[in-house]
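# Summary of the model geometry
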Amino acid sequence: MINIPWTGRLAFRALRVNKMRSALTMLGIIIGVGAVITMLAVGTGASRQIAAQVQSMGSNLLIILPGSTTSGGLRMGAGTQPTLTMADADAILRESPAVADVAPVLSGSAQVVYGNQNWSTVITGTTPSMINVRDWQIASGRSFTPDDVKNALKVCILGQTVIDNLFGDADPVGKTVNIMNVPFTVIGALAPKGQSTMGQDQDDTIYVPVTTAQKKLFGTPFPGMVRIILVKAKSADELNNAQSDITGILRQRHHIGPKQDDDFTVRNLTQMMQMAEQSTKIMTLLLGAIASVSLLVGGIGIMNIMLVSVTERTREIGIRMAIGAKTWDIRLQFIIEALILSMLGGIAGIILGVGGSKVLSAIAGWPVAVSPLSIFLAVGFSAAVGIFFGFYPAYKASLLNPIDALRYE
Amino acid sequence: MPLIEISNVSKVYKIGDIEVNALSGVSIDIGRGEFASVMGPSGSGKSTFMNIIGCLDKPTSGTYMLEGTDVGGLGRDELAAIRNSKLGFVFQGFNLLPRTSALENVELPLIYGGVQAKERSERAMAALKKVGLGGRERHHPNQLSGGQQQRVAIARALVNEAPIILADEPTGNLDTKTSVEIMELFTRLNAESGITIILVTHEPDIAAFSKRVLRFLDGQLKADEANA
Ligand SMILES: Nc1ncnc2c1ncn2[C@@H]1O[C@H](COP(=O)(O)OP(=O)(O)O)[C@@H](O)[C@H]1O
Ligand SMILES: [Mg+2]
């Protein structure tokens, strides 16, 4: 019959005798567990952010920007020359079997006035497909109709931030707002979407039919010009097909010769996000490797100190054996001591890890999220390390011959 | 049935090729309630004899029956249980746990014997009182004199109500006055509680407290005398 609480007190007392030594022994575990916690916090934070971005960007999305990345050997940067048109968008939808929907976009910033409130925001001219392409939800009212676009009607859909600033809690649907002194009827409100990849407020925007943006608000250097075209592929597997279809269609439509560079750029957002996710995974693995090496080193440190402790306390072990301590009484005494060392190290490591992730998120701006699971994991790991590396010294202690131990000087 | 029956016990230590006969062919019975002293020159096998009786060591040959049980056939944990319940040890160097209060030192056998906390401290307090250390239970060994430390050790040997106390040179580190006090304590425990006491000593003055003297020489039991 083994008395665990008493053994625990005994272990604490033994560890207090050598405070400095105990603290140094814990260091490996502290660093290891700290790294585990930080690693999981960064990993969880990053994948949550990526998931949120995928959600807000819409899935299976391609973005076509005007201008090429290289032009005549010179890097031009995408988006520099206006080359895309409404007709391009229609052609892509019509001709590529891999494409589910397209949304041409012409946007600009403008002042919006409602009553005596005014707000400066981004006006996005687009088609009804936009909602579909980006997987957005209409919170109240309705979306655009093809007729709105065909007739360049002065109707708009508001993002939540715009509603908050112009209407407060009032329902905007059916009201009239002035955009660049042109009156628009509010037909719908978008469900809030939060921040985008770049940290912009995606709710701070107003949607109008693309034709209205072209004719009534911003004007275009040539008819039907749009700034970008968003394309939704039918599935993730179709993204590559969609991308090569688009390249073929646009090169043909823009009369680009075989030796000439594209005058547009197609970006695959899912790919970009997968790459981001991949690099997060690699970093998580790296930190994980550091953490496990550190835990291993910490464990070996504990074993080393416990072996020293068993030798130092040989006589004590002899006394205990003479008085009636059995094999497992002695083993448990040292295992619990190692366990307490590693658990205290683990707890300090958790504190370090949580603090470390807070600092990381503050300094590097990484999104971090300490999950309860990672805390359980850290506690479990440090307990396992303590028991595993404490066993051998404890086993050695329990095999001592009582008279030899008693005689030990 | 005698409490301790030792028949033809020998102990041989091998150091490389050299064999040391620490005990050779010792046979002796010791009954319940006896108070025996073991005498002999250094290296005559006294401690080896005590360790075998104390189930800390096993004879190379011969048998040792304790309360009718052949101890030779028992395993480590069974021997530990016997030491816990039937034997109390008092050593020359006290062998108390450092940084541990007198009370906790005395409680130790009860902890390994599975006694619950409340009963444990009551019994330990009673044992300390019995050896004249009531009120010193919070003191640590380094705050006690040699004689007091040896009293704590005796209380620890008493607390489990073991029928036998084995004391290997218990007064070896104490001055004459304190030695006499300790021997008076042993005498009282033997007389009042009927505890069997076997103690090793070099000094005839100390052996004079006992009722029986066993004399060892070169690992052999040379004489077994009753004390007047
Ligand atoms: N662990 C041991 N290894 C080798 N020889 C030992 C050991 N213990 C005792 N001896 C030898 O056995 C003999 C008896 O020793 P011991 O019983 O300690 O004598 P005493 O207690 O009478 O002085 C001595 O010669 C001693 O050197
Ligand atoms: Mg001796």
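Attention in this report is confined to the structure presented alongside it.

### Looking at the sheet that holds strand β1 (residues 4-15) of chain B
Residues and elements named next belong to chain B.
- Strand order in this open sheet of four strands is β2-β1-β4-β5, and the pairing throughout is antiparallel. The outermost strands of the open sheet, each flanked by one partner alone, are β2 (18-30) and β5 (69-70).
- Pairing between strand β4 (residues 61-66) and β5: two bridges, direction antiparallel. Its bridge partner being in β5, methionine 65 is matched across the sheet by aspartate 70.
- Against the sheet, helix α1 (residues 46-53) touches β1, β2 and β4, its axis set at about 120° to β1.

### Concerning the packing of aromatic side chains
Residue and element names in this part refer to chain A.
- In total, this model carries seven aromatic pairs over all chains according to the counting rule given.
- With a centroid separation of 5.0 Å and an interplanar angle of 80°, the aromatic rings of phenylalanine 388 and phenylalanine 389 are classed as edge-to-face.
- The structure contains a cluster of three or more aromatic residues connected by ring pairs, namely Trp328, Phe391 and Tyr395.
- Across from the ring centre of tryptophan 328, 5.0 Å away, lies the NZ or CZ of arginine 331, which sits over that ring.

### Some remarks on the environment of Met1(B)
- With respect to the secondary-structure elements, Met1(B) resides in the segment before β1.
- In the structure, Met1(B) is positioned 170 residues away from Thr171(B) in sequence and 31 Å away in space, judged by C-alpha atoms.

### Comments concerning the site of ligand 1
- Around ligand 1 there are 13 residues in total, and Gly43(B), Gly45(B), Lys46(B), Ser47(B) and Thr48(B) lie nearest to it.
- Within the contact set of ligand 1, a nitrogen atom lies 3.5 Å away from a side-chain nitrogen or oxygen of Arg407(A).
- In this structure, an oxygen atom belonging to ligand 1 sits 2.5 Å away from a side-chain N or O atom of Thr48(B).
- Protein chains bury 70% of the 560 Å² of accessible surface belonging to ligand 1 in isolation.

### Quick notes on the sheet that holds strand β9 (residues 212-217) of chain B
Residue and element names in this part refer to chain B.
- Taking strand neighbours across the sheet as the criterion, the six strands line up as β6-β7-β8-β3-β9-β10 in an open arrangement whose pairing is mixed. At either end of the open sheet lies a strand with only one pairing partner, and these are β6 (87-91) and β10 (220-226). Put simply, the sheet's adjacent strands are angled 15° from each other on average, direction ignored.
- Alignment of β6 against strand β7 (residues 164-168), held across five bridges, turns out to be parallel. Across the sheet, the residue bridging to leucine 87 is isoleucine 164, located in β7.
- Across the sheet, helix α5 (residues 146-158) is in contact with β6 and β7; its angle to β6 comes to roughly 170°.

### Some details on the side chain of Thr196(B)
Residues and elements named next belong to chain B.
- Looking at the element boundaries, threonine 196 is found in strand β8 (residues 196-200).
- On the accessibility criterion, threonine 196 (0% relative accessible area) is buried.
- For threonine 196, the side chain forms a polar contact with the main-chain nitrogen of glycine 33, separated by 2.9 Å.
- Excluding residues that lie within four positions of it along the chain, threonine 196 makes contacts with Leu3, Ile30, Gly31, Arg32, Gly33, Glu34, Pro163, Ile164 and Ile165.

### Side note on the environment of Arg138(B)
All names here are of chain B.
- Take arginine 138: it is sitting in the loop between α4 (117-130) and α5.
- In the structure, arginine 138 is positioned 39 residues away from arginine 99 in sequence and 11 Å away in space, judged by C-alpha atoms.
- Those residues in contact with arginine 138 that sit more than four places away from it in its chain are Ser101, Leu103 and Gln143.

### Digging into the pairing of β9(B)
All names here are of chain B.
- In terms of strand pairing, strand β3 (residues 35-39) meets β9 through four bridges, oriented parallel. Counted as the bridge partner of valine 38 is leucine 214 from β9.
- As defined by bridge partners, β9 adjoins β10 across six bridges and the pair is classed as antiparallel. Paired with phenylalanine 216 across the strands is leucine 221, a residue of β10.
- Hairpin connection of β9 to β10: two residues between the antiparallel strands, including aspartate 218 at a positive phi of 50°.

### Some details on the interface of chain B and chain A
- The interface of chain B with chain A comprises 26 residues on the first partner and 26 residues on the second.
- Between chain B and chain A, a total of about 2400 Å² is buried, with carbon and sulfur atoms accounting for 55% of that surface.
- Counting the contacts that link chain B with chain A gives one salt bridge.
- In this structure, Glu104(B) and Arg13(A) form a salt bridge, with 2.7 Å as the shortest nitrogen-oxygen distance.
- Inspection of the region where chain B meets chain A yields eight residue pairs in polar contact (both at pLDDT 80 or more).
- Breaking the side of chain B that touches chain A down by element, the ones donating at least two residues are α2 (76-86), β6 and α3 (102-112) of chain B.
- Looking at the side of chain B that touches chain A element by element, the count peaks at six residues for α2(B).
- Of the residues that constitute the side of chain B that touches chain A, the class distribution is 12 nonpolar, six polar and eight charged.

### What to know about the side chain of Thr211(A)
Residues and elements named next belong to chain A.
- Take threonine 211: it is sitting in helix α7 (residues 210-218).
- In terms of polar contacts, threonine 211 uses its side chain to reach the backbone carbonyl oxygen of valine 149, at 2.5 Å.
- If we ignore the near neighbours within four places in the chain, the residues touching threonine 211 are Met86, Asp148, Val149 and Ala152.

Rules behind the numbers
- Residues numbered from 1 in each chain as written.
- Chains lettered and ligands numbered in written order.
- Predicted model: local features only at pLDDT ≥ 70, side-chain atom pairs only at ≥ 80, totals over all residues.
- Heavy atoms only, no water.
- Pairing = 2+ DSSP bridges.
- Helix = DSSP H or I, 4+ residues; strand = E, 2+ residues; numbered from the N terminus.
- Contact = heavy atoms within 4.5 Å.
- Axes fitted to C-alpha atoms, helices over the stretch in contact; angles between N-to-C directions.
- Phe/Tyr/Trp six-rings, centres within 6.5 Å; stacked < 30°, edge-to-face > 60°.
- Lys NZ or Arg CZ within 6 Å of the ring centre and 35° of its normal.
- Near = heavy atom within 4 Å.
- Polar contact = N/O pair within 3.5 Å; in protein donor to acceptor, adjacent residues only side chain to side chain.
- Areas by Shrake-Rupley, 256 points an atom, 1.4 Å probe, with all protein chains shown as cover.
- Buried < 20%, exposed > 50% of the residue type's maximum accessible area, 1.4 Å probe, protein only.
- Buried area = accessible area lost by both parts, 1.4 Å probe.
- Salt bridge = Lys/Arg side-chain N within 4 Å of Asp/Glu carboxyl O.
- Nonpolar A, V, L, I, M, F, W, Y, C, P; charged D, E, K, R; others polar.

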